[in-house]
Every structure is written in structure tokens, then in C-alpha cells.
Amino acid sequence: MAFAKIATVEGAKVNYSLAPTAKKYTLRDNGFTETTSGNFQLIRPLDATPQSKEGFKLKITVAKDLQQVKMSITTANGLKSVNIFKDDTHVLLQEKFYFLMDGMIDRGLFVKVNN
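It should be emphasised that the depicted structure is a prediction, and the values quoted were computed from it without experimental measurement.

*Asks:* Help me understand the environment of Leu 18, please; the structure alone is not making it clear to me.
*Replies:* By secondary structure assignment, the location of Leu 18 is in strand β2 (residues 15-18). Exposure remark for Leu 18: the relative accessible area of 13% places this residue in the buried category. Leu 18 sits 11 residues away from Ala 7 along the chain, and the two C-alpha atoms are 9.2 Å apart. Residue contacts for Leu 18: discarding those within four places in its chain leaves Lys 5, Val 62, Leu 66, Gln 67, Gln 68, Val 69, Leu 109, Phe 110 and Val 111.

*Asks:* Looking at this structure, how should I read the sheet that holds strand β1 (residues 6-7)?
*Replies:* Sheet strands line up and pair through hydrogen bonds in the backbone, either parallel or antiparallel. With antiparallel pairing, the three strands of this open sheet are ordered in space as β1-β2-β7. Sheet topology places β1 and β7 (110-113) at the edges, where each strand pairs with a single neighbour. In this sheet, β7 lies alongside β2 in antiparallel orientation, the contact comprising four bridges. Note on β7: the bridge partner recorded for Leu 18 is Phe 110. Along the sheet, helix α2 (residues 91-106) contacts β2 and β7; its crossing angle with β7, the most-contacted strand, is approximately 115 degrees.

Analysis parameters
- Each chain has its residues counted from 1, running along the sequence as written.
- Reporting in this predicted model follows two pLDDT cut-offs: at least 70 for local features of residues, and 80 or more for side-chain atom pairs to be given and counted; totals over whole chains, interfaces and linings ignore these cut-offs and use all residues.
- Remark: hydrogens and water are excluded; side-chain values derive from all non-hydrogen atoms of the structure.
- The numbering of helices and of strands both runs from the N terminus, where a helix is a DSSP run of H or I of at least 4 residues and a strand a run of E of at least 2.
- Exposure categories follow from relative accessible area, calculated using a 1.4 Å probe and restricted to protein chains: below 20% of the type maximum is buried, above 50% is exposed, and the middle band is partly exposed.
- Any two residues whose heavy atoms approach within 4.5 Å at even a single point are treated as in contact.
- Strands were regarded as paired on the criterion that DSSP finds at least two bridges between them.
- Lines fitted to the C-alpha atoms define the axes, with helices restricted to the stretch that makes contact. Angles between their N-to-C directions range from 0 to 180 degrees.

Now the structure itself:
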């Protein structure tokens, strides 16, 4: 998956882009870590118990120039992208995804984009 100005996870109805207020320190303050290539990455579990090593994870990577982003929901090992929006079996995970993204919007990291 390549970086883009506007991104969302597979199946989601809402698109996101980086907010103009997003800065490197803002990303770090919200749990993003700097990768060896200079990008910023956040990996959050979507299951009810964060200590669990199973379940799906939200993975967001922000380019080092803070202009582009990519995001996906992956399996527990992070190797395969999954679509939690394809049916109603993952309603709780869908709500948690939107909750996490709304929190990042409130903190000035992302903005919703209409397509």
C-alpha cells in the first residue's frame, strides 16, 4: 500500500487526511514512533483486551514529510490486511476504529475528507 494524501482502511466509508496542525511532536505525543526510515508509525490493537496477542490491529504510517499517510487493519501478526467492514460480525471493531480515529481528529492529527 502506497502513501497518499487521502487514506482509509479497506471497507470504511470515511476518508482521512493529515491535518495541517499535525507536527512531529504531536505524532509522538499520540503514540506514533519514528521508524528507521524517518516515517512515523502507530499500531493499535482493536480487540477488547489490549493485552491479547490475537485479533486485528490498526496500522497507520505517516510519511516523514508529514504530507502523506497510509493505513490498514491487519491480522495480529501484521502481515495481511483485512476488511472488518464487509459484514456485521465485527461491529465492535468498527466502532473502536471510528472511536480511535475521532480521538486523533480531536487532537489535531487527522481531518475527515469527503469524496
